Amino acid sequence: KQHPTLLLPIPSIPPSIPRWKQLISLQLSSFATDELLYQIVIHHHSCIPQLQSLSMISSIKITDLGLHTLANFQNDNNNNNNNQEENNNQHDDVIPSTTIPSKPLPLPHLREVDITFCRNTTYRGTFPLRDRYPGIIIRRQPEWMTGHFITPFEDDGVHTYWADGSFSFERAQQSCGYVCDLKSWNEHGNNNNNNNSIQQSVNRSCDT
(Lines give C-alpha, C1' and ligand atoms only; values in the text may rest on other atoms or scores of the structure.)
Protein backbone atom coordinates (compact mmCIF):
# COMPACT_ATOMS: atom_id res chain seq x y z
CA LYS A 1 0.00 0.00 0.00
CA GLN A 2 1.36 3.37 -1.01
CA HIS A 3 1.54 6.34 1.35
CA PRO A 4 0.59 9.23 -0.95
CA THR A 5 1.81 12.21 1.06
CA LEU A 6 3.94 12.84 4.12
CA LEU A 7 4.39 16.15 5.91
CA LEU A 8 7.89 16.31 7.35
CA PRO A 9 8.51 19.52 9.36
CA ILE A 10 11.98 18.58 10.61
CA PRO A 11 15.28 20.38 10.01
CA SER A 12 17.30 17.33 9.03
CA ILE A 13 17.05 13.61 8.40
CA PRO A 14 18.72 11.59 11.15
CA PRO A 15 20.71 8.42 10.34
CA SER A 16 17.81 6.42 11.77
CA ILE A 17 15.34 7.83 9.24
CA PRO A 18 12.32 5.54 8.87
CA ARG A 19 12.17 3.59 5.65
CA TRP A 20 9.11 4.82 3.80
CA LYS A 21 9.45 2.39 0.91
CA GLN A 22 6.12 3.35 -0.71
CA LEU A 23 6.23 7.10 -0.07
CA ILE A 24 5.59 9.05 -3.30
CA SER A 25 4.99 12.63 -2.09
CA LEU A 26 7.03 14.55 0.48
CA GLN A 27 5.99 18.02 1.67
CA LEU A 28 8.77 19.77 3.54
CA SER A 29 6.91 23.08 3.81
CA SER A 30 9.33 25.88 4.75
CA PHE A 31 11.75 23.59 6.61
CA ALA A 32 13.83 22.43 3.64
CA THR A 33 17.52 23.25 3.41
CA ASP A 34 20.33 22.37 1.01
CA GLU A 35 21.70 19.98 3.61
CA LEU A 36 18.33 18.27 3.95
CA LEU A 37 18.15 17.73 0.18
CA TYR A 38 21.61 16.21 0.33
CA GLN A 39 20.47 13.82 3.07
CA ILE A 40 17.41 12.88 1.02
CA VAL A 41 19.58 12.09 -1.97
CA ILE A 42 22.13 9.93 -0.13
CA HIS A 43 19.42 8.02 1.81
CA HIS A 44 16.78 7.69 -0.89
CA HIS A 45 17.67 4.15 -2.01
CA SER A 46 17.04 2.70 1.44
CA CYS A 47 14.39 5.15 2.67
CA ILE A 48 12.24 6.73 -0.07
CA PRO A 49 13.01 4.92 -3.34
CA GLN A 50 9.60 5.69 -4.90
CA LEU A 51 9.55 9.46 -4.31
CA GLN A 52 7.77 11.29 -7.15
CA SER A 53 6.81 14.70 -5.73
CA LEU A 54 8.85 17.03 -3.53
CA SER A 55 7.35 20.27 -2.15
CA MET A 56 9.48 22.94 -0.43
CA ILE A 57 7.21 26.00 -0.53
CA SER A 58 8.70 29.09 1.20
CA SER A 59 11.95 27.36 2.17
CA ILE A 60 14.35 30.28 2.18
CA LYS A 61 17.33 28.05 2.97
CA ILE A 62 17.07 26.28 -0.38
CA THR A 63 19.51 27.59 -3.00
CA ASP A 64 20.53 26.55 -6.50
CA LEU A 65 23.12 24.29 -4.86
CA GLY A 66 20.32 22.23 -3.33
CA LEU A 67 18.54 21.96 -6.68
CA HIS A 68 21.78 20.83 -8.31
CA THR A 69 22.13 18.16 -5.63
CA LEU A 70 18.80 16.71 -6.74
CA ALA A 71 20.17 16.57 -10.29
CA ASN A 72 23.54 15.10 -9.31
CA PHE A 73 25.08 18.18 -10.89
CA GLN A 74 28.27 20.08 -10.15
CA ASN A 75 29.33 23.45 -11.47
CA ASP A 76 32.42 25.11 -10.02
CA ASN A 77 31.23 28.47 -11.32
CA ASN A 78 27.91 28.27 -9.52
CA ASN A 79 27.67 30.07 -6.19
CA ASN A 80 25.31 32.14 -4.15
CA ASN A 81 26.37 35.27 -6.01
CA ASN A 82 24.24 34.04 -8.90
CA ASN A 83 21.17 34.11 -6.67
CA GLN A 84 21.90 37.61 -5.41
CA GLU A 85 22.67 38.81 -8.93
CA GLU A 86 19.34 37.64 -10.25
CA ASN A 87 17.34 39.01 -7.34
CA ASN A 88 18.99 42.39 -7.91
CA ASN A 89 17.66 42.37 -11.48
CA GLN A 90 21.09 42.55 -13.06
CA HIS A 91 21.73 41.02 -16.47
CA ASP A 92 21.34 37.25 -16.29
CA ASP A 93 23.23 35.46 -19.04
CA VAL A 94 21.94 31.95 -19.65
CA ILE A 95 24.64 29.47 -18.65
CA PRO A 96 24.77 26.29 -20.75
CA SER A 97 24.08 23.24 -18.64
CA THR A 98 27.09 21.05 -17.87
CA THR A 99 25.17 18.22 -16.27
CA ILE A 100 26.93 14.89 -16.73
CA PRO A 101 24.28 12.51 -18.22
CA SER A 102 26.24 9.39 -17.28
CA LYS A 103 25.71 9.99 -13.57
CA PRO A 104 22.82 8.02 -12.05
CA LEU A 105 19.67 9.93 -11.20
CA PRO A 106 19.53 10.62 -7.45
CA LEU A 107 15.71 10.29 -7.42
CA PRO A 108 14.82 8.24 -10.50
CA HIS A 109 11.04 8.53 -10.05
CA LEU A 110 10.96 12.28 -9.36
CA ARG A 111 8.29 14.00 -11.47
CA GLU A 112 7.49 17.26 -9.66
CA VAL A 113 9.38 19.81 -7.53
CA ASP A 114 7.65 22.81 -5.96
CA ILE A 115 9.97 25.68 -4.99
CA THR A 116 7.35 28.45 -4.89
CA PHE A 117 8.57 31.36 -2.73
CA CYS A 118 12.02 29.74 -2.39
CA ARG A 119 13.54 33.12 -3.06
CA ASN A 120 17.18 32.06 -2.86
CA THR A 121 16.76 29.87 -5.93
CA THR A 122 16.89 31.16 -9.50
CA TYR A 123 15.27 30.36 -12.82
CA ARG A 124 18.51 29.19 -14.38
CA GLY A 125 19.23 27.13 -11.26
CA THR A 126 16.45 24.77 -12.39
CA PHE A 127 18.14 23.92 -15.72
CA PRO A 128 20.04 20.85 -14.43
CA LEU A 129 16.78 19.41 -13.07
CA ARG A 130 15.12 19.88 -16.46
CA ASP A 131 18.03 18.24 -18.23
CA ARG A 132 18.22 15.26 -15.91
CA TYR A 133 14.49 14.62 -15.46
CA PRO A 134 12.72 14.94 -18.83
CA GLY A 135 9.11 15.98 -18.37
CA ILE A 136 9.54 17.09 -14.76
CA ILE A 137 7.23 19.84 -13.49
CA ILE A 138 9.19 22.54 -11.68
CA ARG A 139 6.82 24.95 -9.97
CA ARG A 140 8.15 28.40 -9.09
CA GLN A 141 4.82 30.17 -8.62
CA PRO A 142 1.36 29.34 -7.17
CA GLU A 143 -0.82 27.13 -9.32
CA TRP A 144 -3.47 29.85 -9.75
CA MET A 145 -0.91 32.01 -11.56
CA THR A 146 -0.39 29.36 -14.23
CA GLY A 147 -2.44 29.37 -17.42
CA HIS A 148 -3.81 31.70 -20.10
CA PHE A 149 -4.98 35.19 -19.15
CA ILE A 150 -6.83 37.64 -21.37
CA THR A 151 -5.56 41.18 -20.77
CA PRO A 152 -7.32 44.52 -21.30
CA PHE A 153 -4.20 46.08 -22.83
CA GLU A 154 -4.24 47.04 -26.48
CA ASP A 155 -2.32 44.61 -28.75
CA ASP A 156 -1.22 42.53 -25.75
CA GLY A 157 -3.65 39.68 -26.36
CA VAL A 158 -3.32 36.59 -24.16
CA HIS A 159 -0.61 36.27 -21.51
CA THR A 160 0.47 32.69 -20.84
CA TYR A 161 2.39 31.69 -17.70
CA TRP A 162 3.85 28.24 -17.10
CA ALA A 163 4.54 26.54 -13.76
CA ASP A 164 8.25 27.42 -13.78
CA GLY A 165 7.48 31.15 -14.16
CA SER A 166 8.30 31.42 -17.86
CA PHE A 167 5.79 33.40 -19.89
CA SER A 168 4.74 34.36 -23.38
CA PHE A 169 2.70 37.42 -24.40
CA GLU A 170 0.86 37.94 -27.68
CA ARG A 171 2.60 41.16 -28.64
CA ALA A 172 5.44 42.23 -30.91
CA GLN A 173 8.01 43.35 -28.31
CA GLN A 174 9.13 42.00 -24.94
CA SER A 175 6.88 39.04 -25.51
CA CYS A 176 8.69 36.27 -23.64
CA GLY A 177 10.67 35.85 -20.47
CA TYR A 178 10.34 34.57 -16.92
CA VAL A 179 9.42 35.64 -13.41
CA CYS A 180 12.69 36.00 -11.51
CA ASP A 181 11.30 36.99 -8.10
CA LEU A 182 7.99 36.38 -6.38
CA LYS A 183 6.94 37.12 -2.84
CA SER A 184 3.83 37.12 -0.73
CA TRP A 185 2.05 40.41 -0.21
CA ASN A 186 2.37 39.80 3.53
CA GLU A 187 6.13 40.28 3.21
CA HIS A 188 5.40 43.98 2.67
CA GLY A 189 3.53 44.31 5.96
CA ASN A 190 0.06 43.76 4.58
CA ASN A 191 -2.33 42.28 7.14
CA ASN A 192 -4.17 40.08 4.66
CA ASN A 193 -4.23 36.57 6.09
CA ASN A 194 -4.41 34.93 2.68
CA ASN A 195 -0.75 34.60 1.67
CA ASN A 196 -1.68 33.63 -1.87
CA SER A 197 -4.10 36.50 -2.47
CA ILE A 198 -1.58 38.94 -3.93
CA GLN A 199 1.99 38.51 -5.09
CA GLN A 200 4.62 40.90 -6.33
CA SER A 201 6.73 39.68 -9.21
CA VAL A 202 9.69 40.97 -11.16
CA ASN A 203 9.74 39.78 -14.76
CA ARG A 204 12.56 39.43 -17.24
CA SER A 205 11.52 39.93 -20.85
CA CYS A 206 13.20 39.61 -24.19
CA ASP A 207 12.33 40.75 -27.70
CA THR A 208 11.20 38.11 -30.16
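Anything mentioned here points back to the structure above.
Residues numbered from 1 in each chain as written. Predicted model: local features only at pLDDT ≥ 70, side-chain atom pairs only at ≥ 80, totals over all residues. Heavy atoms only, no water.

Overview of the pairing of strand S7 (residues 158-161)
Here is step 1: When strand S6 (residues 147-150) meets S7, the two strands line up antiparallel, connected through four bridges. Bridge pairing in S7 links Ile 150 to Val 158.
Here is step 2: Bridge count for S7 against strand S8 (residues 166-169) is three bridges, and the pairing is antiparallel. Across the sheet, residue Tyr 161 finds its bridge partner in S8, namely Phe 167.
Here is step 3: In this structure, the hairpin formed by S7 and S8 is closed by a connection of four residues, where Gly 165 is found at a positive phi of approximately 95°. (Pairing = 2+ DSSP bridges. Helix = DSSP H or I, 4+ residues; strand = E, 2+ residues; numbered from the N terminus.)

Thoughts on the pattern of salt bridges
Here is step 1: Scanning the entire structure with this criterion turns up two salt bridges.
Here is step 2: A salt bridge links Arg 119 to Asp 181, with the shortest nitrogen-to-oxygen separation between them at 2.7 Å. Of this pair, Arg 119 sits in the loop between strand S4 (112-114) and helix H4 (127-132) while Asp 181 sits in strand S9 (residues 176-184), and the two are 62 residues apart along the sequence.
Here is step 3: Given the relative accessible area of 24%, Arg 119 is considered partly exposed.
Here is step 4: Taking relative accessible area as the criterion, Asp 181 reaches 9% and is therefore assigned buried.
Here is step 5: When the shortest N-O distance is used, the salt bridge between Arg 130 and Asp 164 registers 2.5 Å. In this pair, Arg 130 sits in helix H4 while Asp 164 sits in the loop between S7 and S8, placing the two residues 34 residues apart along the sequence.
Here is step 6: Looking at Arg 130, the relative accessible area reads 29%, which means it is partly exposed.
Here is step 7: Assessed through its relative accessible area of 12%, Asp 164 is described here as buried. (Salt bridge = Lys/Arg side-chain N within 4 Å of Asp/Glu carboxyl O. Buried < 20%, exposed > 50% of the residue type's maximum accessible area, 1.4 Å probe, protein only.)

Remarks on the nonpolar core
Here is step 1: Of all hydrophobic cores here, the largest spans 26 residues; its most connected members are Leu 28, Ile 40, Leu 54 and Met 56.
Here is step 2: With five residues, helix H1 (residues 34-47) is the largest single contributor of residues to this core.
Here is step 3: Among residues more than four places away in sequence, those in contact with Met 56 are Leu 28, Ser 29, Ala 32, Leu 37, Ile 62, Val 113, Asp 114, Ile 115, Thr 116 and Cys 118.
Here is step 4: Counting seven residues, the second largest nonpolar core, distinct from the first, contains Phe 167, Phe 169, Val 179 and Leu 182. (Core = buried A, V, L, I, M, F, W, Y, C linked by side-chain atoms within 4.5 Å. Contact = heavy atoms within 4.5 Å.)

Brief notes about the packing of aromatic side chains
Two aromatic rings are characterised by how far apart their centres lie and by the angle between their planes.
Here is step 1: Following the criterion strictly, the structure yields six aromatic pairs and no others.
Here is step 2: Ring geometry for Phe 149 against Tyr 161: centres 6.4 Å apart, planes inclined by 65°, an arrangement best described as edge-to-face. Taken together, the residues Phe 149 in strand S6 and Tyr 161 in strand S7 connect sequence positions 12 residues apart.
Here is step 3: Joined through ring pairs, the aromatic side chains of Phe 149, Tyr 161, Phe 167 and Phe 169 make up one cluster. (Phe/Tyr/Trp six-rings, centres within 6.5 Å; stacked < 30°, edge-to-face > 60°.)

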